[in-house]
Amino acid sequence: MMHLGLSLTYALALVAGALAVPSQQLDTRQQPFMSTPITDHSEPWAIAFLPDNRVLVTERRGNLRLVDPTTKSKGTITGVPAVAYGGQGGLHDVALHPNYAENSMVYISYAESGSGGAGGAVARAKLTLDTNGGGALSGLEVIWRHSQKASGGLQFACRLLFGPDGALWISSGEINQMTPAQSMTSNLGKVIKLYENGTAFAGNPFASQGAVQAQIWSLGHRNPLGIDWDAQGRLWEVEMGPMGGDELNLIKSGANYGWPVVSEGRHYDGRTIPAHSTRPDIEPPKAFWVPVISPAGLIIYKGDLFSSWKGNAIITGLSSQSIVRATITGDTAKEAQRISMGKRMRGIREDKDGAIWVIEDGPTGRLLKLTPN
């Protein structure tokens, strides 16, 4: 995260590029939805829906909760591995295998300790639910790790998403090391595509190079905290920039998104970074934000409940304490609406009925179900 306030001069210099058309700003009294609190959680990070409509919620200290929205009760899933809790690290994402109904397999991402500090990891395990509102993970297997670890506990990311072809996608942060995002011998700062067992996908753009390179779909990412598919099967991603320069990207095979060579933001010590426009060989963002919104999650809305939002990017914001809606037209995007939530917003998911579920960040973050007014 590490987002600091921008100077007024710098903000005014770049905000026009971020928002060519001012978006609609709605305060908490003007929210275009009814927000139904379900449960409270300690530092929640991610949401996944089970086939029986119950919800898995990760908590950063290493707890995996099972929530029943009908009774608003929550139980505990045991068997979660030890996590490196601290800074931005801990238990992160959770995702169901595409054939979960048959194999009961779930995937989790988390920060783990090791030589040199902490790095991201992804594991899979079988989930067995009990009759008391809880359950257990068994047969846990680590299938992917960051290729290096670092101190500081920053910028792990590690969102998980299964694709239409059954592949597992991982948004890998650069753990505040910057230069590995451009290195083809590191899987930090990359979008990763794997088979369900953690081996590199055969159709990846650098598959012929083997080793770490074979995992890589795209490179040059900083802290990619949200990924989702649009209706055309295209992958979109949001990531936190440094001091300014949060990005919404359309992810392309083999593309370089520039970090830390280019950015629309600055380093925290005030040093400038060349803009994307200086490097036509690098893929520019479809939208960027100065000042930052601190994007923490993303969905491309596909449902019918919020009919006018169909095909839009819906982004949760931490420092902006908002939900940001961006319209997508072809391969362009722009912010259309910013809805104040009055809290730092972390995870976001769309359920099978088109309702949007979000979680607040922090020690008493709420799981909220959003439905139209």
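Before reading on, note that the structure itself is shown above.
This write-up is about the structure you can find in this document. (Residues numbered from 1 in each chain as written. Predicted model: local features only at pLDDT ≥ 70, side-chain atom pairs only at ≥ 80, totals over all residues. Heavy atoms only, no water.)

### Here's the deal with the sheet that holds strand β4 (residues 55-59)
Link 1 in the chain: Read across the open sheet, the 8 strands follow the order β3-β4-β5-β6-β10-β9-β8-β7; overall the sheet is mixed. In the strand order of this sheet, the two ends are held by β3 (44-49) and β7 (91-96), each with one partner. Neighbour-to-neighbour, the strand axes of the sheet open up by a mean angle of 35°, direction not taken into account.
Link 2 in the chain: Here strand β6 (residues 73-78) pairs with strand β10 (residues 135-145) via 2 bridges, running parallel. (Pairing = 2+ DSSP bridges. Helix = DSSP H or I, 4+ residues; strand = E, 2+ residues; numbered from the N terminus. Axes fitted to C-alpha atoms, helices over the stretch in contact; angles between N-to-C directions.)

### A few points about the pattern of salt bridges
Link 1 in the chain: Counted according to the given criterion, the structure contains 22 salt bridges.
Link 2 in the chain: In this structure, R54 engages D52 in a salt bridge whose closest nitrogen and oxygen atoms are separated by 2.9 Å.
Link 3 in the chain: Among the ionic contacts, a cluster of salt bridges with common partners joins E43, R60 and R61. (Salt bridge = Lys/Arg side-chain N within 4 Å of Asp/Glu carboxyl O.)

### Quick look at empty space enclosed by the protein
Link 1 in the chain: Scanning the model with the defined rule gives 2 cavities of 30 Å³ or more in all.
Link 2 in the chain: Of the pockets and cavities examined, the largest cavity occupies roughly 80 Å³.
Link 3 in the chain: Computed from the structure, the second largest cavity encloses a volume of approximately 50 Å³.
Link 4 in the chain: Every residue lining the second largest cavity is listed: R159, L160, L161, L225, G226, I227, G297, L298, I348 and R349.
Link 5 in the chain: If you list the elements that add at least two residues to the lining of the second largest cavity, you get β11 (157-162), β15 (223-229), β19 (295-300) and β23 (345-350).
Link 6 in the chain: In the lining of the second largest cavity, the residues fall into 6 nonpolar, 2 polar and 2 charged. (1 Å grid on protein atoms, 1.4 Å probe; cavity = no way out; pocket = protein on both sides within 12 Å on 5 of 7 lines; lining within 4 Å. Points joined across faces, edges and corners; volume = space filled by probe spheres on them. Nonpolar A, V, L, I, M, F, W, Y, C, P; charged D, E, K, R; others polar.)

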